[in-house]
Amino acid sequence: MMKTMSPSKFCTPIVAAVVIFCIGGVGAAAAQPMPTTENGHYSLSPVADGVIRLDTRTGAVSTCSNTGMGWACYATPDERAALDVEIGRLQAENEKLKAQMAEREPTVTGKIDEPMPKTDSLKKPEPKVAEGERKIEIPLPSDRDMDRMMSFLEQAWRRLVEMANRMQKDATGKI
């Protein structure tokens, strides 16, 4: 005859074994190093034909694609080195040109030695007159010239008023 065990007596050793196994498994898993993509060493960005991989420690960039044989990553050319070379060349050329400019004699100085005379630039200078000579006088318009000017202005004013009256009548429709 078989002896039966109660469920509580049977479950306790099994549960204890499972708990010990799980704790041991977690400890073993924690002891293993994580892959480099999970701890931030690489940053991956998807593109049309694969991914771009950035090495966050060195700054190197690679393009990775799935070929028929598996995934392959190829380093992209570093343009920063070429830019640094060009910057260095331009800086050397700039220094050379500055040295050439310093060797030349200055052709025009920025400031003259004697000060400029302090006069009003808008004021017309008075003509120099020798003793005994007359100054130049500008003749005023004659009365006849003034009358001609006044009649022209009166005639222009009348025409302007007549034109305004016509425009007002056109606007109201009384023509």
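Below or above, wherever it landed, is the structure these notes cover. (Residues numbered from 1 in each chain as written. Predicted model: local features only at pLDDT ≥ 70, side-chain atom pairs only at ≥ 80, totals over all residues. Heavy atoms only, no water.)

## Regarding the overall build of the chain
Alright, step 1. The secondary structure content of the chain amounts to 3 helices and 4 strands.
Alright, step 2. Across the chain, helices and strands are ordered from the amino to the carboxyl terminus as α-β-β-β-β-α-α.
Alright, step 3. Counting across all 175 residues of the chain, residues that qualify as buried make up 4%.
Alright, step 4. Long-range contacts, defined as pairs at least 24 residues apart, comprise 0% of the intrachain contacts of the chain with a sequence gap of at least 6.
Alright, step 5. A total accessible area of about 17300 Å² is found for the chain, and carbon and sulfur atoms account for 61% of it. (Helix = DSSP H or I, 4+ residues; strand = E, 2+ residues; numbered from the N terminus. Buried < 20%, exposed > 50% of the residue type's maximum accessible area, 1.4 Å probe, protein only. Contact = heavy atoms within 4.5 Å. Areas by Shrake-Rupley, 256 points an atom, 1.4 Å probe, with all protein chains shown as cover.)

## Points about the environment of T58
Alright, step 1. With respect to the helices and strands, T58 occurs in the loop between β2 (50-55) and β3 (61-67).
Alright, step 2. Accessibility expressed as a relative area gives 60% for T58, which makes it exposed.
Alright, step 3. When the C-alpha positions of T58 and Y42 are compared, they lie 9.8 Å apart, and in sequence the two are 16 residues distant.
Alright, step 4. Within the structure, the side chain of T58 is placed 3.0 Å from the side chain of D55, a separation counted as a polar contact.
Alright, step 5. Within the structure, the side chain of T58 is placed 3.3 Å from the backbone nitrogen of A60, a separation counted as a polar contact. (Polar contact = N/O pair within 3.5 Å; in protein donor to acceptor, adjacent residues only side chain to side chain.)

## Examining helix α3 (residues 143-172)
Alright, step 1. Here α3 contains 30 residues, and its C-alpha end-to-end distance of 44 Å stays within 8% of the 44 Å for a straight helix at 1.5 Å per residue.
Alright, step 2. At the C-terminal side of α3, G173 shows a positive phi close to 80 degrees. (Expected span 1.5 Å × (residues − 1).)

## What about the sheet that holds strand β4 (residues 70-75)?
Alright, step 1. If you trace the 4 strands from one edge of the open sheet to the other, you get β1-β2-β3-β4, paired in antiparallel fashion. Of all the strands in the sheet, the pair left with one neighbour each is β1 (42-47) and β4. Within the sheet, the average angular offset between the axes of one strand and its neighbour, ignoring direction, is 25 degrees.
Alright, step 2. In this structure, β2 lies alongside β3, joined through 4 bridges in antiparallel fashion. Looking at the pairing, I52 lines up with T63 of β3. (Pairing = 2+ DSSP bridges. Axes fitted to C-alpha atoms, helices over the stretch in contact; angles between N-to-C directions.)

## Some thoughts on the pattern of salt bridges
Alright, step 1. Under the definition given, this model contains 2 salt bridges.
Alright, step 2. Taking the shortest distance from any N to any O, the salt bridge between E86 and R89 comes out at 2.7 Å. Here E86 and its partner R89 are both found in helix α2 (residues 79-103), 3 residues apart, which amounts to about one turn of the helix.
Alright, step 3. Here R89 falls in the partly exposed class, since its relative accessible area comes to 43%.
Alright, step 4. Between E93 and R89 there is a salt bridge, with the nearest N and O atoms lying 3.2 Å from each other. Of this pair, E93 and R89 both sit in helix α2, separated by 4 residues, roughly a single helical turn.
Alright, step 5. Through salt bridges that share partners, E86, R89 and E93 make up one connected network. (Salt bridge = Lys/Arg side-chain N within 4 Å of Asp/Glu carboxyl O.)

Any functional reading would require information that these geometric values do not contain.
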